[in-house]
Amino acid sequence: MKRCGLYTRVSTEDQVQVKDGSLDTQEDRLRRFVSERSWVVISVYREEGRSGKDTKRPEYQRMMQDIEAGQLDAILCTRMDRLSRSTLDFLQLQEDLKKHGVAFVSLAENWDTTTPEGELMVGQRMMFAQFERRMISDRTSEKAAWRAQHGLSNGGQVLGYDNDPYNPGIRVVNEQEKQLVLLIF
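Residues numbered from 1 in each chain as written. Predicted model: local features only at pLDDT ≥ 70, side-chain atom pairs only at ≥ 80, totals over all residues. Heavy atoms only, no water.

**Student:** For this particular structure, what's the right way to read the state of the cysteines?
**Tutor:** Note on terminology: a disulfide is the covalent bond linking the sulfur atoms of two cysteines. One pass over the full model with this rule turns up zero disulfides. In this structure Cys-4 is a free cysteine whose sulfur lies 12 Å from that of Cys-77, the closest cysteine sulfur available. Since its relative accessible area comes to 0%, Cys-4 is described here as buried. The exposure class assigned to Cys-77 is buried, which follows from its relative accessible area of 0%. (Disulfide = S-S within 2.5 Å. Buried < 20%, exposed > 50% of the residue type's maximum accessible area, 1.4 Å probe, protein only.)

**Student:** Teacher, can you tell me more about the pairing of strand 3 (residues 74–77) here?
**Tutor:** Consecutive side chains of a regular strand alternate in pointing toward one face of the sheet and then the other. Here strand 3 shows two buried faces, one formed by Ala-74 and Leu-76 and the other by Ile-75 and Cys-77. Pairing of strand 1 (residues 3–9) with strand 3, which is carried by three bridges, proceeds in the parallel orientation. Within strand 3, the position partnered with Cys-4 by the bridge is Ala-74. As defined by bridge partners, strand 3 adjoins strand 4 (residues 103–106) across four bridges and the pair is classed as parallel. Counted as the bridge partner of Cys-77 is Ser-106 from strand 4. (Helix = DSSP H or I, 4+ residues; strand = E, 2+ residues; numbered from the N terminus. Pairing = 2+ DSSP bridges.)

**Student:** I would appreciate a short explanation of helix 2 (residues 22–37) in the present structure.
**Tutor:** Helical geometry: 3.6 residues make up each α-helical turn, so side chains three or four residues apart lie on a common side. For helix 2, which comprises 16 residues, the first-to-last C-alpha distance of 23 Å matches the rise-based estimate of 22 Å (1.5 Å per residue) to within 8%. What helix 2 keeps buried is the set Leu-23, Gln-26, Glu-27, Leu-30, Phe-33 and Val-34. Projected onto a plane normal to the axis of helix 2, the buried residues spread over an arc of 125° and lie on a single side. Opposite the buried face of helix 2, at more than 90 degrees from it, the exposed residues are Ser-35 and Glu-36. At the exit of helix 2 stands Ser-38, carrying a positive phi of roughly 60°. (Expected span 1.5 Å × (residues − 1). Arc of directions from axis to C-beta.)

**Student:** Quick question: what am I supposed to make of the environment of Thr-55 here?
**Tutor:** In this structure, Thr-55 sits in the loop between strand 2 (40–47) and helix 3 (58–68). Considered as a pair, Thr-55 and Leu-93 are 38 residues apart in the sequence and their alpha carbons are 9.7 Å apart. Setting aside residues up to four positions removed in sequence, Thr-55 forms contacts with Tyr-60, Gln-61 and Asp-89. (Contact = heavy atoms within 4.5 Å.)

Geometric descriptors of this kind do not, in isolation, establish any biological role.
Have a look at this one:
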């Protein structure tokens, strides 16, 4: 019987807040996969609102500690890019998994990473995941710069102002907070 860890991740806090959202969906799909094989879930690594751009994630680090401690025979995720969006980081993960005899299963990509062909396909898929992350980052930065150039809000709260409910992106003076702001300055 394989001892497995389930890894789930979403990138933004907004995704975390969705009831029965992506994290719950990911975990449910993984648990169904495990139950069909009579494997046992040792741990769930639930990464809430963390980017896959690097491995500086608490649950990822906990998973790696469990792998190194010999507590897992397999790591499962719904898609490879849930674990990483960095080719280099994913290749390092693959090496660590091999070193500790831990299998890797991704439900979306059905490749056997123990074969040269499987390794090739995984590497190519990771390059696309990394490319996608960079494209999203570029588009987000461009949009934020455009909004700033046009005097629009890029989010957050500013003492003394509220977002105009009739004109999104525009701030209006909050009369109650105005007095506090004047006192401060």
